[in-house]
Amino acid sequence: NALGDGARAGEHLVTAAEFLLRVSEPEATQRFVEAVASPVYETVASAHLGIAAIDHEQGRLEVAIEHVADARAIAGTDELLHARVDIAESDSLAERAEHAQSVGKLVPRLELVRREGDPQLIAAYESAIGWGYKSLGDKAKGLQHFERGHAAALLTKDGRAIGHALH
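These numbers come from a predicted model, not from an experiment.

If you had to explain the pattern of salt bridges to someone new, which residues and values would you point to?
Summed over all chains, the structure comprises 10 salt bridges. A salt bridge links Arg 72 to Glu 89; the nearest nitrogen and oxygen atoms lie 2.6 Å apart. In this pair, Arg 72 is assigned in helix H4 (residues 61–75) and Glu 89 in helix H5 (residues 79–95), connecting sequence segments 17 residues apart. Residue Arg 72 is classed as buried on the basis of its relative accessible area of 17%. With a shortest N-O distance of 4.0 Å, Glu 126 and Arg 148 are connected by a salt bridge. Note that Glu 126 is positioned in helix H7 (residues 119–135) and Arg 148 in helix H8 (residues 139–156), a separation of 22 residues in sequence.

Summarise the nonpolar core; cite the residues concerned and give the values.
Judged by nonpolar contacts, the single largest core of 17 residues is most densely connected at Ile 87, Leu 106, Val 113, Leu 121, Tyr 125 and Ile 129. Per-element accounting of this core gives the leading share, 7 residues, to H7. Non-local contacts of Tyr 125, meaning those with residues more than four positions away in its chain, are made with Ala 83, Asp 86, Ile 87, Leu 106, Arg 109, Leu 110 and Val 113.

Report on the packing of aromatic side chains, specifying residues and quantitative values.
This model, assessed by the stated rule, comprises 1 aromatic pair. Ring geometry for Trp 131 versus Phe 146: centroids 5.6 Å apart, planes at 85°, classification edge-to-face. Here Trp 131, found in helix H7, pairs with Phe 146, found in helix H8; they are 15 residues apart in sequence, far enough to count as distant. Its relative accessible area of 23% is what places Trp 131 among the partly exposed residues.

Account for the packing of helix H6 (residues 99–116) against H7, with residues named and values stated.
Put simply, H6 and H7 touch, their axes get as near as 9 Å, and they point 150° apart. Considering the angle they form, H6 stands roughly antiparallel to H7. Of the two elements, H6 crosses H7, and the hand of that crossing is left-handed. On the side of H6, the interface is formed by His 99, Val 103, Leu 106, Val 107, Arg 109, Leu 110, Val 113 and Arg 114, while H7 contributes Leu 121, Ile 122, Tyr 125, Glu 126, Ala 128, Ile 129, Gly 132, Tyr 133 and Ser 135. A class-by-class count of the residues in the contact of H6 with H7 yields 11 nonpolar, 3 polar and 3 charged.

A description of the confidence of the model for the protein should follow, citing residues and the corresponding values.
Residues of the protein with pLDDT of at least 70 account for 84%, and the chain-wide mean is 84. A low-confidence stretch, residues 1–6 (pLDDT under 50), is modelled with 3 contacts involving residues beyond four sequence positions or located in other chains.

Talk me through the environment of Arg 31; I want residue IDs and the actual numbers.
Within the secondary structure layout, Arg 31 lies in helix H2 (residues 27–35). Take Arg 31: its relative accessible area is 28%, and that puts it in the partly exposed class.

Would you mind going over the packing of H7 against H8 in detail, with residue names and values included?
Remark: H7 packs on H8, axes separated minimally by 7 Å, with the N-to-C direction vectors making an angle of 160°. Judged by the angle between their axes, H7 and H8 are roughly antiparallel. Like other packed secondary-structure pairs, H7 and H8 cross with a definite hand, here left-handed. From H7, Pro 119, Gln 120, Ile 122, Ala 123, Glu 126, Ser 127, Ile 129, Gly 130, Trp 131, Tyr 133 and Lys 134 reach across to H8, where they touch Lys 139, Lys 141, Gly 142, His 145, Phe 146, Arg 148, Gly 149, Ala 152, Ala 153, Leu 155 and Thr 156. Classifying every residue of the contact of H7 with H8 by side-chain character gives 10 nonpolar, 7 polar and 5 charged.

Conventions used here
Residues numbered from 1 in each chain as written. Predicted model: local features only at pLDDT ≥ 70, side-chain atom pairs only at ≥ 80, totals over all residues. Heavy atoms only, no water. Salt bridge = Lys/Arg side-chain N within 4 Å of Asp/Glu carboxyl O. Helix = DSSP H or I, 4+ residues; strand = E, 2+ residues; numbered from the N terminus. Buried < 20%, exposed > 50% of the residue type's maximum accessible area, 1.4 Å probe, protein only. Core = buried A, V, L, I, M, F, W, Y, C linked by side-chain atoms within 4.5 Å. Contact = heavy atoms within 4.5 Å. Phe/Tyr/Trp six-rings, centres within 6.5 Å; stacked < 30°, edge-to-face > 60°. Axes fitted to C-alpha atoms, helices over the stretch in contact; angles between N-to-C directions. Parallel < 35°, antiparallel > 145°, perpendicular 65-115°, else oblique. Left-handed = near helix turned anticlockwise from the far one by under 90°. Nonpolar A, V, L, I, M, F, W, Y, C, P; charged D, E, K, R; others polar. pLDDT = per-residue confidence, 0-100.

As structure tokens, then:
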């Protein structure tokens, strides 16, 4: 059916864009922009998060925040999608040295993320919480989360996630 084909195409665009983002290719933005036109809300929200990541990396924090807000609005009642949005919001808070708020953004959904078992999301959550606690001066608590993030990142074989947890 056409919707199924469109959904798969949108997912492939987001996957391609996420890969290009990891290898810092300028094409990533274009792929994410194309994915925003998908009929599948998860794809559209993921595309906004991808665009936000690029804007954040390039120092356009306010524009990134707008795309994260778009992703949050699209997420509706999808708690796992909200968890992915939480990571992006946490990054923005950490960038502004609002570490307590960053940790506070992530901790409420941590058990849900762990239960779902997606190692990439677990790695991102645990590492971001680890950074927050480290920045707040609680190195022991930060280390616990970094270790959990590292274990999850190893399952993904994502060098960037592994490096983030090891840092």
